[in-house]
Amino acid sequence: MVDPSPRTAARLHGIEPTIFAEMSALALRTGALNLGQGFPDVDGPATVVDAAVEAMRTGRNQYAPGPGFPELREAVVAHQQRHYGLDVDPATQVVVTAGATEAIAAALLALVDPGDEVVVLEPFYDSYVACIAMAGGVRRGVTLRAPDFRLDADALRAAVTDRTKLVLLNTPHNPTGAVLTREELQVVADVAVEHDLLVVTDEVYEHLLFDRREHVPICTLPGMWDRTLTISSAGKTFSFTGWKVGWVTGPADLVASVYAAKQWLTFSNAAPMQPAVAEALDKETSFYEELARELEAKRDLLCEGLAGLDVDVYVPEATYFVTTDVRRYGYDDSLAFCLALPERAGVVAIPSQVFYDDREEGRHKVRWAFCKERAVIEKGVRRLAAADLYQTGG
């Protein structure tokens, strides 16, 4: 991809290309194992694929309704009721999006005016930065710090000013794998109520928790439903990341605002996949329960392998990812380490520094993905263990 033209709008200036494209291209170019980008090696349920094929064969190949097919919105409502006891109106309180990424973009474009401040947990998923900037917002980070990546209540309160419009939350958290506790979420809720803030919460890893942890949607806390937009996706829940089917739930007025923006982005998306995702939500609960157990075992496999290297390993509570600190290898930063890694070890990882405003906190951190087949993880660990990873050769 060529560099942006100097004629590019100012709102895109300073937004770097996504690191995932760069590192995945590096994996392809070098033939390295890709333990960087978070896509599974194995597809989701075959019955759901069959449902998508059947939808194609029976003519569901034209535009879906802008808010999404009714059966998918109803399946989302049933899911929210079943798991969290929420009563959601499928007609007015759900909109289907082109994955969670579009949902985040539409929510920020719909709710943030130029100059509005958005409080966001860092390290942050990189699309948050771009979407806040394209909405004209001002990013104010609250850093989750190693080794445990807990929410600092005082830092959160200090980040809020009279220009703050909303909190962009992510739990379970990418890339740290932290799961915000009910007590931490209550701190966010208290701040939101006190300052009359909106909350947009990215919960795409809601079912991929480990060690019997509980995911608590912040919208279930007292006083939070009317000010919260909740985002999730079939990509992570059912291992169909390429289908790009997500959804937003929340109070009717905020969902209508999201739709007002979404209709001018994709209008509608993934028509034959939508009924298939509805079937998955209704009938494939056991899939993501088993997926979480499998990922927990793969987490342990990768963490044990990384623990044998000269790194600090921060064991995640959820998601696809584990973070390490690689400073003892002698590199100035994790980007230099990750760029050298394919040649030195035949493995690709993601430099976490690109997810931080506090670059000193993120400077030596590397994110590794374990949503891969066990054989791939084992091969990657063997390559890392056999390689000379030190900058000085020592």
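Remember, predicted model here, so these are calculated numbers, not experimental data. (Residues numbered from 1 in each chain as written. Predicted model: local features only at pLDDT ≥ 70, side-chain atom pairs only at ≥ 80, totals over all residues. Heavy atoms only, no water.)

Draft legend 1. Region of interest: the overall build of the chain. In terms of helices and strands, the chain carries 14 helices and 13 strands. Against the globule reference of 21 Å for 394 residues, the chain gives a C-alpha radius of gyration of 21 Å, in line with a compact fold. Classification of the 394 residues of the chain by burial places 57% in the buried group. Nonlocal contacts in the chain, meaning residues at least 24 apart in sequence, comprise 76% of its contacts between residues at least 6 apart. As displayed, the chain has an accessible area near 16500 Å², and 51% of this comes from carbon and sulfur atoms. Separation of charge centres in the chain, based on 37 positive and 56 negative side chains, amounts to 4 Å. (Helix = DSSP H or I, 4+ residues; strand = E, 2+ residues; numbered from the N terminus. Rg over C-alpha atoms; globule rule 2.2 N^0.38 Å. Buried < 20%, exposed > 50% of the residue type's maximum accessible area, 1.4 Å probe, protein only. Contact = heavy atoms within 4.5 Å. Areas by Shrake-Rupley, 256 points an atom, 1.4 Å probe, with all protein chains shown as cover. Lys, Arg positive; Asp, Glu negative; His and termini not counted. Charge placed at Lys NZ, Arg CZ, Asp CG, Glu CD.)

Draft legend 2. Broad picture of the domain arrangement of the chain. Looking at the chain, the domain boundaries give domain 1 (10–43 + 286–386) and domain 2 (46–284). A separation of 24 Å is found between the C-alpha centroids of domain 1 and domain 2. The partner domain 2 presents 42 residues to the 36 residues of domain 1 that form the contact. Of all residues in domain 1, Y288, E317 and F355 bury the most surface against domain 2, accounting for 23% of the area lost on that side. Here domain 1 and domain 2 share 6 salt bridges between them. (Domains from an automatic or database assignment. Buried area = accessible area lost by both parts, 1.4 Å probe. Salt bridge = Lys/Arg side-chain N within 4 Å of Asp/Glu carboxyl O.)

Draft legend 3. Representation of the state of the cysteines within the structure. Per the stated rule, a full pass over the model turns up 0 disulfides. Cysteine C303 shares no disulfide, and the gap to the nearest cysteine sulfur, in C371, comes to 13 Å. (Disulfide = S-S within 2.5 Å.)

Draft legend 4. The nonpolar core, seen in detail. Within the largest apolar cluster, 129 residues are counted, with the highest numbers of intra-cluster contacts made by F337 and W368. Three or more residues apiece are contributed to this core by two domains, here domain 1 (10–43 + 286–386) and domain 2 (46–284). Not counting residues within four places of it along the chain, the set of residues in contact with W368 comprises L35, L302, L306, Y320, F321, V322, T324, F337, L341, V347, A349 and L384. (Core = buried A, V, L, I, M, F, W, Y, C linked by side-chain atoms within 4.5 Å.)

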